[in-house]
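This is what each chain is made of:
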Amino acid sequence: MMNYRRTLVAVLLFSVSAFSQMQPQTKSAEQVPKLEHFDPNLADHSLDPCQDFYKFACSKWNAANPIPPDQVVWGTGSGLRYWNENILREAMVKAAAQTSGRSDYQQKIGDYWAACMDEPGLEQAGIRDLKPELDWINSMMSTTELAEQLAYIHMSFPGAWESNDNQSAAAIFGFGQQQDYDDASKVVASIDQGGLGLPSRDFYLKDDDKSKEIREKYTTHITNMLLLAGEGKAAALFNAKTVLDMETALAKVQMDNVARRDPKNVNNKMSLTEVQALTPSFKWNVYLQDISAPPSSPHYLVSSPDFFKGLETLIQQRPVADWKVYLRWHLIHGAAPYLSKAFVDENWDFYSKTLLGARQQTPRWRRCVRVADRDLGMALGQAYVDVAFPPSSKERTLTLVKDVEHALDQDITAVEWMQPVTKEQAKAKLHAIEDKIGYPNQWRDYSSVKVSRTSYVSNVQSATAFEFRRQLDKIGKPVDRSEWAMTPPTIDAYYNPQLNTINFPAGILQPPYFDPKQDDAVNYGAIGMVIGHEITHGFDDQGRKFDAQGNLRDWWTAEDGKAYDQRDQCIVDEYSQEIPEAGVKQDGHLTAGEDTADNGGLRLAYMALANKLQSQNKSLDDKDDSGWTQKQKFFLAYAYSWCDSFRPEVARTAVMTNPHSLPKYRVNNVVSNMPEFQKAFSCKAGAPMVHANQCRVW
């Protein structure tokens, strides 16, 4: 799944449930929600747009809106997140206050809220709800018991079975479902590498001073958490080093995040017998039985066979005592955000302060809203849509989508580097894209999720088990094309290459991205680019390897495939650059897909705007009362949507782990590749915002 804005916050980097839950939000809980509306006059006229367009468009806004102490990122979209969360809070508070006459979903969101906000109850509970499992882990006599222990942990806390661009966030490995690469009409079981507590394998393997410092602080963090769980100081110190050693061993055998971007590398089909042969010491039949996983036919997909070979070695080499330590740590680690204040504070201190640079914690109510959105998001989403997303917004967004899709159709026709047979296939795929806007047609049924006011941890475990089983139930069944991977209030968008769908939640279809009160130049520059970005993902270096039906199939001629790769390499070279504000170098191979989507997305949105204005007998050169031309407003609106400030810590983590470039480069590198920008702002050849070698795929 390729998406749009994930580089902004911790959830974009790794599992939010296991880590910080830090996303952009309000400066204080008491502020009235404020949505940012594009104003072209916020541009700094004392600066030259041809020298640094991002600075020209964003410096005034960024200077007037410093990062609040409980934030790691602050930008023009942060007020929208606060606004969205306020709507969800009001719905939950109202449901919690009712004593009778509640619907099933009102009971669940109301009691979930009450349990999460019950801080005295959480303090009194301590680790009470974890103690039975901790005792069970401590009773292990042999590594042959790993399977049943792992099954319980995977069903207990979020992130245990999910995968991201780097790895599964799970203890040891991740298990889930996905469409088969070769036949997208089938759903099969997927088994992924995992086992780490840091964001990616590089955090364990790099030898620079900063990486060593983070590993030392991580060891201290593990020690502190084990102390809170009742271990003695000497044991906690020793056990923390054991955890780091074992996770480092797992990191060494993981496939790196660049190799994982090629679907061919993770399309490893195996029978259960072959999976068992990779790890003879792990009882797969016990694990699958305990999680109630249906049989996967005709095969299982194993993302990284070498990882599981390495896991087998680790199981053989490490005594059961070490595995007990590892499992205890991952159970505590997964539960930490839902326990008493001491656990929450220690968890925040490392994952938000050390790794991301936060200065203080986000208000508790906001954390409760986010976790509820994750666990019961389609129930909460109904309340959000009723308030925030009228039918008129859906209709206008659909028009924008169709306009941008038409622009890509025109572009495919016009490009000279593709042969007719490949163009025909490309258009067939484009015309087969399904557009999903706002929210699902059918709301999810949460009736089987048990939620009470008495235990926050139990509520999280119940919701996790529900979602885990809901995912596994898809194995062996027809693909559900109506499925949404994001909740309606989410400020994001995504393209799914195997469903061949583009998806725009109602949460991002708000100012400053989509504003019904703004003219077309602004909306095409902001949300239009997002739409173009997602459509382009179907034809980037990953998406182009899937056909119109979502199958992994090479539909390109050899000559056209080579021509694409040459253009893609230009993007890779351009974005392989030092990032001074992060203190690390960006790997253009890691970000190639998102960078291609940014470049293609803005061009397609520009073409769509030109078509729109022409149909209205207007021109891109027309000026309005603001004094700006339509094409200048288009580019300014695009940059404005990316006005963000990052703390150095989160910038470093993002560059190391995330497939998106930082906002400054998502603006400057893109406009520097566009002659249309050069003309819009009368930039001379040789200016920093006019690249001599302008990269272009779409």
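In this report, the structure presented in the accompanying data block is examined. What you are looking at is a predicted structure, and each value in this text was computed from that prediction instead of being measured.

### Some remarks on the overall build of the chain
Phase 1 of the analysis: Regarding its fold elements, the chain presents 28 helices and 12 strands.
Phase 2 of the analysis: Against the globule reference of 26 Å for 698 residues, the chain gives a C-alpha radius of gyration of 25 Å, in line with a compact fold.
Phase 3 of the analysis: For the C-alpha atoms alone, the extent of the chain along its principal axes is close to 75 × 60 × 55 Å.
Phase 4 of the analysis: Within the chain, the fraction of its 698 residues that count as buried is 63%.
Phase 5 of the analysis: Within the structure as shown, the chain displays about 25300 Å² of accessible surface, and the carbon and sulfur contribution to it stands at 50%.

### Digging into the side chain of T657
Phase 1 of the analysis: Relative to the elements of secondary structure, T657 occurs in helix α26 (residues 648-657).
Phase 2 of the analysis: Reaching out from T657, the side chain makes a polar contact with the backbone oxygen of T653 at a distance of 2.7 Å.

### Topic: the packing of aromatic side chains
Phase 1 of the analysis: Applying the stated rule across the entire model yields 39 aromatic pairs.
Phase 2 of the analysis: With a centroid separation of 4.8 Å and 70° between ring planes, the pair formed by F53 and F677 is classed as edge-to-face. Of this pair, F53 sits in helix α2 (residues 53-64) while F677 sits in helix α28 (residues 675-680); the two residues are 624 residues apart in sequence, bridging distant segments of the chain. The same class applies to F53 as to F677, namely buried.
Phase 3 of the analysis: Judged by centre distance (5.9 Å) and plane angle (15°), the ring pair of Y439 and W443 falls under stacked.
Phase 4 of the analysis: Since its relative accessible area comes to 25%, Y439 is described here as partly exposed.
Phase 5 of the analysis: Under the relative-accessibility criterion, W443 is labelled partly exposed at 27%.
Phase 6 of the analysis: Three or more aromatic residues joined by ring pairs form one cluster here, namely F53, F56, Y606, W628, F634, F635, F677 and F681.

### Considering helix α19 (residues 420-432)
Phase 1 of the analysis: The end-to-end C-alpha distance of α19, which contains 13 residues, comes to 18 Å, matching closely the 18 Å that a straight helix rising 1.5 Å per residue would cover.
Phase 2 of the analysis: When α19 is considered as a whole, its buried residues turn out to be T422, K423, A426, K429 and L430. Looking down the long axis of α19, one finds its buried residues gathered within 125° of arc, a one-sided arrangement. Opposite the packed face of α19, turned more than 90 degrees from it, sit the exposed residues P420, E424 and H431.

### Some thoughts on helix α7 (residues 146-154)
Phase 1 of the analysis: Judged by how many residues are buried, α7 sits mostly within the fold: seven of nine residues are covered.
Phase 2 of the analysis: What α7 keeps buried is the set L146, A147, Q149, L150, A151, I153 and H154.
Phase 3 of the analysis: Tucked inside the fold, the buried residues of α7 contact α6 (131-138), β3 (173-179), α13 (284-290), α14 (305-317), α15 (320-335) and α20 (456-472).

### A look at the pairing of β3
The two faces of the sheet receive side chains in turn, since in a regular strand these alternate between them.
Phase 1 of the analysis: Burial analysis of β3 places seven of its seven residues in the buried class, the great majority of the element.
Phase 2 of the analysis: The sheet contact formed by β3 and strand β4 (residues 187-193) spans seven bridges and is antiparallel. In the sheet register, F175 faces β4, and the bridge partner there is I191.

### Regarding the state of the cysteines
Phase 1 of the analysis: Considering all chains together, one arrives at four disulfides under this definition.
Phase 2 of the analysis: With its sulfur 2.0 Å from that of its partner, C116 forms a disulfide with C368. Given an S-S torsion of about -85°, the disulfide between C116 and C368 has left-handed geometry. With C116 in helix α4 (residues 104-117) and C368 in helix α17 (residues 364-388), the pair connects residues that are 252 residues apart, well separated along the chain.
Phase 3 of the analysis: The exposure class assigned to C368 is buried, which follows from its relative accessible area of 1%.
Phase 4 of the analysis: The disulfide that involves C570 links it to C695, with 2.0 Å between the sulfurs. Linking C570 and C695, the disulfide has an S-S dihedral of approximately -75° and is accordingly described as left-handed. Separated by 125 residues along the polypeptide, C570 in helix α23 (residues 558-575) and C695 in the segment after α28 bring together distant segments of the chain.
Phase 5 of the analysis: Residue C570 is classed as buried on the basis of its relative accessible area of 16%.

About the cut-offs
- Residues numbered from 1 in each chain as written.
- Predicted model: local features only at pLDDT ≥ 70, side-chain atom pairs only at ≥ 80, totals over all residues.
- Heavy atoms only, no water.
- Helix = DSSP H or I, 4+ residues; strand = E, 2+ residues; numbered from the N terminus.
- Rg over C-alpha atoms; globule rule 2.2 N^0.38 Å.
- Buried < 20%, exposed > 50% of the residue type's maximum accessible area, 1.4 Å probe, protein only.
- Areas by Shrake-Rupley, 256 points an atom, 1.4 Å probe, with all protein chains shown as cover.
- Polar contact = N/O pair within 3.5 Å; in protein donor to acceptor, adjacent residues only side chain to side chain.
- Phe/Tyr/Trp six-rings, centres within 6.5 Å; stacked < 30°, edge-to-face > 60°.
- Expected span 1.5 Å × (residues − 1).
- Arc of directions from axis to C-beta.
- Contact = heavy atoms within 4.5 Å.
- Pairing = 2+ DSSP bridges.
- Disulfide = S-S within 2.5 Å.

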